[in-house]
Amino acid sequence: MPQRITDAVRLRSQQTPQGEHSSPLYLTSSFCFEDAESMRAAFADETDANIYSRFSNPSVQEFTDKLCALEGAEAGFATASGMSAVFGSFMALLKQGDHLLSCNAIFGSTHTVIAKYLPKYGISYSYVSADATEADWEAAITPATKMIYLETPTNPGLEIIDIAMVSRVAKKHGVLLNVDNCFATPISQQPIALGADLVVHSATKWLDGQGRVLGGAVTGRKDLIHEIYLFCRSTGPALSPFNAWVLSKSLETLDVRMERHASNALYIATALEKHPALSWLKYPFLPSHPQYAIARQQMTQGGGIVCFELKGGLEAGRKFLDKLQMLSRTANLGDTRSIASHPASTTHAKLSEAERAAVNITPGLIRISVGLEHKDDILNDILQALD
Ligand SMILES: *Cc1c(COP(=O)(O)O)cnc(C)c1O
């Protein structure tokens, strides 16, 4: 761990003759060549010279290198958003006739990609529930299963899936394991060390951590990342060099930020756990969390998200949002500023109550992304809104 944290601070693109201390921003779409021969060699993949920023760019590479160090990954490719990372990892590695096995508790847009778009290309899917046992996962594997995709902790329900357990199933059946590590971040959890082949990220969330830019990445096995790179370099979801430059700086503070997000979140979760207006509250590092033991086994901190269910359901959720004075009402998460959201009336409002129930979105579910304000100011705003 110590070397990873230092690499996230100190890895950088090669210093220019100016001797700049902070890395420059390579805001350029293409790169020049000394002569026809070096240009030919670059296009023939005989050198790793930068050609065009849809393929590679030094600012993007710096961000990718730091993230690979944090995840303990052999290679990585950065993308314009988390969703393009997820989509690229599917399209580069799955083909007509393949089956993708996932879990019914996954990010909404990921579910849309899996359930609406992959079937158009002849890629089928099925889901197990987040509390599936090893036998349940194994029973869901078919001869066509090529990849298992999971998210842990899940957004927004904070369910925890045992990565090492699912990895045993994947390895036994020769299936790839792809893990969305957005909520935990590599500071708390390294899926590759637990057996994952690929790790996807929305860099928009905690990696940026300041609500400024969209970004994403896939890291993992070199041969798989090469396929994803080839797919992305032709289809074009490249990360902007500007966003990469912002995100690379962000990774330098990720460790200290996540420590405070997690300690603030644990403080707030502990203080609110028995509040009479709540029917339940979930935080991975509270012993009351149904998968607390797994969380403690695979994470080093509980992360910055707390969620709870208001006793008054849908109407109480809307009222709670209205009463907040400091917390932001916005769709993002993983910001310095604390955020509250009510999925049933916003992100999941188009679904029927039964459809929401099927993906574990209860009517009074509130998700708090705990920021870096003073912990008592965050807690007091929530308390006054609950009253
Ligand atoms: C936000 C999010 C994504 C998608 O990331 P974007 O950067 O918004 O495209 C994927 N997975 C999880 C868990 C997320 O929270």
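Please refer to the structure higher up on the page.
My aim in this report is to walk through the structure given alongside it, one point at a time.

Basis of the calculations
- Residues numbered from 1 in each chain as written.
- Predicted model: local features only at pLDDT ≥ 70, side-chain atom pairs only at ≥ 80, totals over all residues.
- Heavy atoms only, no water.
- Helix = DSSP H or I, 4+ residues; strand = E, 2+ residues; numbered from the N terminus.
- Rg over C-alpha atoms; globule rule 2.2 N^0.38 Å.
- Contact = heavy atoms within 4.5 Å.
- Areas by Shrake-Rupley, 256 points an atom, 1.4 Å probe, with all protein chains shown as cover.
- Lys, Arg positive; Asp, Glu negative; His and termini not counted.
- Charge placed at Lys NZ, Arg CZ, Asp CG, Glu CD.
- Near = heavy atom within 4 Å.
- Polar contact = N/O pair within 3.5 Å; in protein donor to acceptor, adjacent residues only side chain to side chain.
- 1 Å grid on protein atoms, 1.4 Å probe; cavity = no way out; pocket = protein on both sides within 12 Å on 5 of 7 lines; lining within 4 Å.
- Points joined across faces, edges and corners; volume = space filled by probe spheres on them.

**Brief notes about the overall build of the protein**
1) Next: What the protein contains, in helices and strands, is 15 helices and 12 strands.
2) Next: A globule of 387 residues ought to have a C-alpha radius of gyration of about 21 Å, and the protein, at 21 Å, matches this closely.
3) Next: The C-alpha extent of the protein, read off along each of the three principal axes, is 75 × 55 × 35 Å.
4) Next: Taking contacts inside the protein between residues at least 6 apart in sequence as the whole, the part at least 24 apart equals 72%.
5) Next: Counting every atom, the protein has about 16700 Å² of accessible surface; 54% of that belongs to carbon and sulfur.
6) Next: Charge centroids of the protein, computed over 34 positive and 40 negative side chains, lie 4 Å from each other.

**Looking at the site of the ligand**
1) Next: Lining the immediate environment of the ligand, one finds 13 residues, of which M83, D180, S202, T204 and K205 sit closest.
2) Next: Contact distances for the ligand include 2.8 Å between an oxygen atom and a side-chain N or O atom of S202.
3) Next: The contact in question runs from an oxygen atom of the ligand to an N or O atom on the side chain of T204, over 2.6 Å.
4) Next: Considering the ligand on its own, with 380 Å² of exposed area, one finds that the protein chains cover 92% of that surface.

**Structural notes on empty space enclosed by the protein**
1) Next: All chains considered together, the criterion is met by 2 cavities of 30 Å³ or more.
2) Next: Looking at the largest cavity, its volume works out to about 60 Å³.
3) Next: Every residue along the wall of the largest cavity is listed here: S22, S23, P24, S59, E62, K66, A244, W245, S248, K249 and E252.
4) Next: Looking at the lining of the largest cavity, the elements with two or more residues in it are α3 (58-71) and α10 (241-252).
5) Next: Looking at the lining of the largest cavity element by element, the count peaks at 5 residues for α10.

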